[in-house]
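Coordinates in review
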Amino acid sequence: MSQLRQLRAVYAGGAVAWALCLALTLIQENGSARQTVVLLGLLAVFLVLLLWSTWCLWEAGARRPADRAADAANARLEQS
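A brief structural summary. Note that the structure is predicted; figures quoted are calculated from it, not measured.

Criteria and cut-off values
Residues numbered from 1 in each chain as written. Predicted model: local features only at pLDDT ≥ 70, side-chain atom pairs only at ≥ 80, totals over all residues. Heavy atoms only, no water. Helix = DSSP H or I, 4+ residues; strand = E, 2+ residues; numbered from the N terminus. Expected span 1.5 Å × (residues − 1). Buried < 20%, exposed > 50% of the residue type's maximum accessible area, 1.4 Å probe, protein only. Polar contact = N/O pair within 3.5 Å; in protein donor to acceptor, adjacent residues only side chain to side chain. Contact = heavy atoms within 4.5 Å.

Points about helix α1 (residues 2–28)
The α-helix winds at 3.6 residues per turn, so residues separated by three or four positions along the chain end up facing the same way. The terminal C-alpha atoms of α1, which comprises 27 residues, lie 39 Å apart, in line with the 39 Å expected from a rise of 1.5 Å per residue. If you check which residues of α1 are buried, you get Y11, G14, A15, L22 and T25. Directly beyond the C-terminal end of α1, a positive phi value near 55 degrees is found at E29.

Some words on the environment of L40
Residue position: L40 is located in helix α2 (residues 33–62). Distance from L40 to W18, taken between C-alpha atoms, is 8.0 Å for residues 22 residues apart in sequence.

As for the side chain of T25
Within the secondary structure layout, T25 lies in helix α1. Given the relative accessible area of 9%, T25 is considered buried. Of the polar contacts made by the side chain of T25, one reaches the backbone oxygen of C21; its length is 2.8 Å. Ignoring any residue separated from it by four or fewer positions in sequence, one finds T25 in contact with N30, G31, Q35, T36 and L39.

So yeah, pure geometry; function would need other evidence.
Structure representation (structure tokens):
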């Protein structure tokens, strides 16, 4: 779970970084159309990954404690 939180933080940082790059490119008006499209694409990818990781964390947190206990018991059985 902590790895997924770290991954979500990386995706959030990437989304912010690409958004800033895109904003600077648009404000300064010195970027080409290709550069703008690439930045938009990268921003979209990081936003999708951010949404996916947030959804995974939400799903993991929304599970009932009984489900988590059953999963832990199954994992212990598989290891033995």
